[in-house]
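# Observations on the model geometry
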Protein chains: 2
Amino acid sequence: MARDQLHLNLFILGCGHHKAAWRHPASAAERLGDIRYYEELARIAERGKLDAVFFADSMATGSVEDGFYWHLEPLTALSAISRATERIGLIGTVSSTFYTPFHAARLVASLDHISAGRMGWNLVTSMFDSEARNHNYKAMPDHAARYARAEEFVEAVLALWDSWQDDAIECDRQGRYADPAKVKKIHHHGEHFLVDGPLNLPRPPQGHPVLVQAGASEQGRDLAARYAEAIYAVAFDLEAAQQYYRDIKARVQAAGRHDPVPILPGLVTYVGSTEAEAKAKQRELDECLPVAASLRQLGLFIEQDCSDWELDAPVPELPPLEDFSGPQGRYATILRIVETEQPTLRELLGRLAAGGGHCTLVGTPESIADEMERWFRNEGADGFNLMPPSLPGGIEDFVDQVVPELQRRGLFRQEYQATTLRGHLGLERP
Amino acid sequence: MARDQLHLNLFILGCGHHKAAWRHPASAAERLGDIRYYEELARIAERGKLDAVFFADSMATGSVEDGFYWHLEPLTALSAISRATERIGLIGTVSSTFYTPFHAARLVASLDHISAGRMGWNLVTSMFDSEARNHNYKAMPDHAARYARAEEFVEAVLALWDSWQDDAIECDRQGRYADPAKVKKIHHHGEHFLVDGPLNLPRPPQGHPVLVQAGASEQGRDLAARYAEAIYAVAFDLEAAQQYYRDIKARVQAAGRHDPVPILPGLVTYVGSTEAEAKAKQRELDECLPVAASLRQLGLFIEQDCSDWELDAPVPELPPLEDFSGPQGRYATILRIVETEQPTLRELLGRLAAGGGHCTLVGTPESIADEMERWFRNEGADGFNLMPPSLPGGIEDFVDQVVPELQRRGLFRQEYQATTLRGHLGLERP
C-alpha cells in the first residue's frame, strides 16, 4: 500500500490536554462521567474521518484538586462509543502488568465483535507503585520484569485470538454448531502465565484487533518493533521525531517485518483563522492556570525559586543542561521551549501544562498543515495522535479547519475507504 | 417498602435456554456475535417493564459441536445495551476468583456511570478447572478457598466504591476540582488482596451497584445472606422453593439485615393462548434435539442404556433414588419430572435440555400467572429469573402475554417507577 496519506487519532483526555482546560468557563468539567460527552467527541472525530479515537489509562488516582481528569473505564466506554459511531477505530489501553492475557484477549475480542472490526489495543506495562498497589503488588515490578511479562502476555493474547479458526463456525442446524478441529487449546505454559485456551469467543472480525504501543525505552522500542502495528511517539520537534522514526523503522525491518507500522507522534494544536486568533485561544487557556501553583511546580522542575518572576515578561536565562543536577528530560524540554519560542513566563507555564514534550503548533490551518506535511515528507511521522488542548473545541477546530486543508493537499482521506481500523491503517488481516 | 409486586429478570443466553433452540429454523444462531441481537432482547424486556437483563458467564469453552452458546463478554455487551435502553437494569457476572477487586469495582462502577445507575453485579466464584487453567491456576482452588477469597473480594470492592464520598467533586473552576479529604485510600491489606485505593472513578450513581448472588452451598448461602441484595435460585417446585426461601430469609435476618433481598428462582415458560398451543411450542423445540446424542446423555445421567427406548412412549419406570449410585442431584430431578409429569421419553429429553432443574411452566398466560402468584404468595419467590427456552420468541411471548396478565392482577408494575436498578428492586441507596 502506497504511503500517501496521514493517519490521525484523537487522544481523548478529560476536558482536553491542557491541564487547566477544565477551569475554562465553557469546559465540560461537569460531564466527565457522562458517556454522551465521549460519544460526541467520537462523532466529531468521525466527521473528520479520523482513523481512531484513543483512551490512555491509569490504574491509580492522582491529586484530585487540580488538573486531575478521571474518565470512564476505557473498554466499557468504547463499547458504548462503538454504538454511537459507524466507521471510526476505537483504541483502548490494557496493561499487561495488571490483567491476565485471557481477560485482555476476551475483552478486546468482544469489543472487536461489538464494533464489527474497529478495535485496537494499546499495550502498556504501567509505571507507578500507586497502580501496582491497587493490584496485589507491593511495588511496581522493575522495568525488565514488566517487559518480559509483556512479551509473554502478547504471545498468549495473539494465540488466544487465533484459537478459533476463521471458518470454525458451521451453524449447521442438522449437524454441528462448530468444528471442534478448528477450535484449539493453546497450551500456553510460560514463565508468567498458564493459559490453556481456547478463547471463549470466535476469532475477532479483524483476526487480531490492532496492536498499538508507545515504546520509548530500549526494551519498549524492541517490543514495539516486533509486535506493534501502530506506534505512539513523543517528539518535540522534527529532529527528535526523525531520530525516533528512523530507529523504529530500522528495528521493524531488523525484526523481519514488512508491515507499514505507522508512527504517530503526539500533536497539540491551537487553530485560528489568523495566527493572532490561534494565539488568543492559547492565551485564553493559559490564563485559566492557577499562577501560584504553576510557578511552584516550575520551581520544582528547574530547581530554583521563580515565584517572583514576571508573568508577562520573557523567561529569564536558565543554566545550561550540563549544569542542571535534577531530572534531565523535562529540563531539556523547558530549555528547548525557551530557546526556540522565547516565551513569556505565562506562555512557558501554558506550554508545560499542555503536553509540554509533544510538538505544539499554534497557527492557521495552512501553517499547521505545512508543518504536519513537513514531518510526513521527511521521516518524522506517518500521522499524528491529536491532543487537543481543550475538548470538544480543540477537536472541532481541527476537524473543521485543518482536516479540509489536509484533504485539499491529498494528504488525508475525503471518505472512509475501509470499515475496519486495520483497513484505515492499511494493515493486512492476519 | 410493601412487598406487593414481583421482580422479573431476563436471563439472556444464546438462542434461548433450550439446548436445541439454535437448531430451530427461525433461531438467531447466526447472530450470537451481533450486539444488535442482544440490544433487541433488552428492548423487548424493557417493553415488558422487567427489572433487569442478566448475563451469566464462564471463563472456558465447552464442546462447540452442540448446545454451545458463546456470547459477547458480559460487561462490554452491557455497556452497548445500556445505550439502547433507558430504564431496565443491567446485571453482569464477574468472578471473584479470576478478577482483582480493583478491576471488578472499576468496570462495574464505570458501567453504573454509563448507565446512570442501572448496573448490577452477579458475584460468582466460578467452578471448573478449565476456567482456572485460563487464568494462571493449575486447578480450581477448593470451594472453601474460593469463598474465603470471595468474601474478602466483596469487602474490597465495597470499600473502593465508597472511596469517593458522594459530594467529593466540587468542580470549582476558581478553586479545586475535588476535595482530597473526601477521596480516601482504603488500605485493604488482606489475606488475598492488597488494594490501596482510592478507586479512580467517583462514587457510582447507585452508591453501590446492586450485588446479586446465587448461593446454593452452605458457604454460598451464608455469603449471600450477608452481602447479596438480590438472589438467584434454582427450585424445581414450590416446596423446594419454600425450603430455600425460608432458609435464606432466616439467614438474612440472622445477619442483622433489614433489606428486602428479593429471591428470584429461575423460570422456564412455554406460553400459548391455549394449553395445546403452549405444548406445541415445547414440542417444536424438543423435536430439534438430536435424538441419539440426547439418549446417550440421558444414559449417562441414569446409568443405563436407553438407546432403544421408545421416543413417544412414557418413560419406563426408573429405580428409586436410594438404589442409584451416581450423582444424586440430577437423578433426583429426573425422578421428579417422571413422577409429576408422566412425560414421554421425548418430553423428558426436552425437559432436561431446557433448564431441567428449574421450574418449568407450560400453558396459558392465566395458568402461568396462577403458578407465579402461588409461589409469590407462599414464600416461594419474590420474583423470577426468566429463562425463555427460545429467544427472542420466548421472551416476546412472556412480555406480550404473561406480563399483561400479571399487571391485571396488580402483581407487576405498569410503568417503571424508578430510574435505577436499585429503585426497581426497592433497595435503599447505601
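Residues numbered from 1 in each chain as written. Chains lettered and ligands numbered in written order. Predicted model: local features only at pLDDT ≥ 70, side-chain atom pairs only at ≥ 80, totals over all residues. Heavy atoms only, no water.

### Things to note about the nonpolar core
- Ranked by size, the top nonpolar core spans 224 residues in total, and within it Leu50 and Met372 of chain A together with Leu50 and Met372 of chain B carry the most contacts.
- Setting aside residues up to four positions removed in sequence, leucine 50 of chain A forms contacts with Leu8, Asn9, Leu10, Ala45, Ile88, Leu386, Ile395, Val399, Val403, Phe412, Arg413 and Tyr416 of chain A. (Core = buried A, V, L, I, M, F, W, Y, C linked by side-chain atoms within 4.5 Å. Buried < 20%, exposed > 50% of the residue type's maximum accessible area, 1.4 Å probe, protein only. Contact = heavy atoms within 4.5 Å.)

### Regarding the domain arrangement of chain A
Residues and elements named next belong to chain A.
- Looking at chain A, the domain boundaries give domain 1 (7-269 + 364-424) and domain 2 (274-362).
- On a C-alpha basis, the centroid separation for the pair domain 1 and domain 2 is 30 Å.
- Listed as interface residues are 27 residues of domain 1 and, on the opposing side, 26 residues of domain 2.
- Between domain 1 and domain 2 lies a buried interface of about 2,200 Å² when both sides are counted; carbon and sulfur atoms form 66% of it.
- Contact with domain 2 buries area across many residues of domain 1, yet His18, Phe236 and Val268 alone supply 34% of it, more than any other trio.
- Scanning the region where domain 1 abuts domain 2 turns up one salt bridge.
- A salt bridge links aspartate 397 to lysine 281, with the shortest nitrogen-to-oxygen separation between them at 2.8 Å.
- For the pair domain 1 and domain 2, the number of links is eight residue pairs in polar contact (both at pLDDT 80 or more). (Domains from an automatic or database assignment. Buried area = accessible area lost by both parts, 1.4 Å probe. Salt bridge = Lys/Arg side-chain N within 4 Å of Asp/Glu carboxyl O. Polar contact = N/O pair within 3.5 Å; in protein donor to acceptor, adjacent residues only side chain to side chain.)

### Some points on the relation of the copies chain A and chain B
- Its rotation angle being 180°, the transformation that places chain A on chain B also includes 0.0 Å of axial translation and leaves an RMSD of 0.0 Å. Overall, the copies show the geometry of a two-fold rotation axis. Taking the C-alpha atom as reference, chain A places alanine 80 of chain A closest to the rotation axis, 2.3 Å from it.
- In this assembly, 100% of the residues forming the interface of chain A have copies in chain B that are likewise at the interface, indicating an isologous arrangement. (Least-squares fit on C-alpha atoms with pLDDT ≥ 70 in both.)

### So, the environment of arginine 133 of chain B
Residues and elements named next belong to chain B.
- Here arginine 133 lies in the loop between α4 (129-132) and α5 (143-161).
- Residue classification places arginine 133 among the partly exposed positions, given a relative accessible area of 23%.
- A sequence separation of 73 residues divides arginine 133 from alanine 60, and the C-alpha atoms of the two residues are 8.7 Å apart.
- At a separation of 3.0 Å, a polar atom in the side chain of arginine 133 contacts the main-chain carbonyl oxygen of lysine 138. (Helix = DSSP H or I, 4+ residues; strand = E, 2+ residues; numbered from the N terminus.)

### With respect to the UniProt feature "binding site: FMN" (unreviewed entry) in chain A
- As recorded in UniProt, the feature "binding site: FMN" (unreviewed entry) lies at Asp57, Thr93, His143, Tyr147 and Ser217 of chain A.
- Counting through the fold element by element, aspartate 57 of chain A comes out in the loop between β2 (52-55) and α2 (74-83).
- We classify aspartate 57 of chain A as partly exposed; its relative accessible area is 23%.
- Apart from residues no more than four positions distant in its own chain, aspartate 57 of chain A is found in contact with His71, Pro74 and Thr93 of chain A together with Arg106 of chain B.
- A distance of 2.6 Å separates polar atoms of two side chains, one belonging to aspartate 57 of chain A and the other to arginine 106 of chain B.
- With respect to the helices and strands, the residue threonine 93 of chain A is situated in strand β3 (residues 89-95).
- If sequence neighbours within four positions are ignored, threonine 93 of chain A has contacts with Phe54, Phe55, Ala56, Asp57, Pro74, Asn122 and Val124 of chain A.
- In this structure the side chain of threonine 93 of chain A is engaged in a polar contact, spanning 2.6 Å, whose partner is the backbone oxygen of phenylalanine 55 of chain A. (UniProt positions renumbered as here; feature names shortened; annotations may be inferred.)

### Some words on the packing of aromatic side chains
- Enumeration according to the criterion identifies 22 aromatic pairs over all chains in this entry.
- Taking the centre distance of 5.1 Å and the plane angle of 65° together, the rings of tyrosine 37 of chain B and tyrosine 38 of chain B count as edge-to-face.
- A relative accessible area of 1% means that tyrosine 37 of chain B is categorised as buried.
- Given the relative accessible area of 0%, tyrosine 38 of chain B is considered buried.
- Aromatic rings pair up to connect Trp121, Phe153, Trp161 and Phe193 of chain A into one cluster.
- The ring of phenylalanine 301 of chain A carries the charged tip of arginine 330 of chain A above its face, separated from the ring centre by 3.9 Å. (Phe/Tyr/Trp six-rings, centres within 6.5 Å; stacked < 30°, edge-to-face > 60°. Lys NZ or Arg CZ within 6 Å of the ring centre and 35° of its normal.)

### Comments concerning the interface of chain A and chain B
- Taken together, the contacts link 73 residues of chain A with 73 residues of chain B.
- For the chain A and chain B pair, buried surface summed over both sides reaches about 6,200 Å², with 56% attributable to carbon and sulfur atoms.
- The largest share of the area that chain A buries against chain B comes from Arg173, Tyr177 and Leu194 of chain A, three residues that together contribute 13% of it.
- In this assembly, chain A and chain B are joined by eight salt bridges.

### Thoughts on the pairing of strand β10 (residues 359-363) of chain A
All names here are of chain A.
- Judged by how many residues are buried, β10 sits mostly within the fold: four of five residues are covered.
- Across five bridges, strand β9 (residues 263-271) lies against β10 in parallel orientation. Looking at the pairing, threonine 269 lines up with leucine 361 of β10. (Pairing = 2+ DSSP bridges.)

### Some words on helix α10 (residues 328-341) of chain B
Residues and elements named next belong to chain B.
- When the terminal C-alpha atoms of α10 are compared, their 20 Å separation across 14 residues agrees well with the 20 Å that a helix rising 1.5 Å per residue should span.
- Of all the positions in α10, only Tyr331, Thr333, Ile334, Leu335, Ile337 and Val338 are classed as buried.
- Lining the buried residues of α10 we find α9 (291-302) and α11 (345-353).
- Phi turns positive one or two residues past the end of α10, at glutamine 342, with a value near 40°. (Expected span 1.5 Å × (residues − 1).)

### A short note on the packing of helix α6 (residues 218-227) of chain A against helix α7 (residues 238-254) of chain A
Residue and element names in this part refer to chain A.
- Put simply, α6 and α7 touch, their axes get as near as 8 Å, and they point 55° apart. With respect to α7, the element α6 is oriented oblique. In terms of crossing hand, the pair formed by α6 and α7 is right-handed. The residues of α7 that touch α6, namely those facing Glu218, Arg221, Asp222 and Ala225, are Tyr244, Asp247, Ile248, Arg251 and Val252.
- A class-by-class count of the residues in the contact of α6 with α7 yields four nonpolar, no polar and five charged. (Axes fitted to C-alpha atoms, helices over the stretch in contact; angles between N-to-C directions. Parallel < 35°, antiparallel > 145°, perpendicular 65-115°, else oblique. Left-handed = near helix turned anticlockwise from the far one by under 90°. Nonpolar A, V, L, I, M, F, W, Y, C, P; charged D, E, K, R; others polar.)

### Structural notes on helix α2 (residues 74-84) of chain B
All names here are of chain B.
- Counting buried residues along α2, ten of its eleven residues qualify, which places the element largely inside the surrounding structure.
- Those residues of α2 that sit buried are Pro74, Leu75, Thr76, Ala77, Leu78, Ser79, Ala80, Ile81, Ser82 and Ala84.
- Of the residues flanking the start of α2, the one acting as N-cap is glutamate 73, its side-chain oxygen 3.1 Å from the backbone nitrogen of leucine 75.

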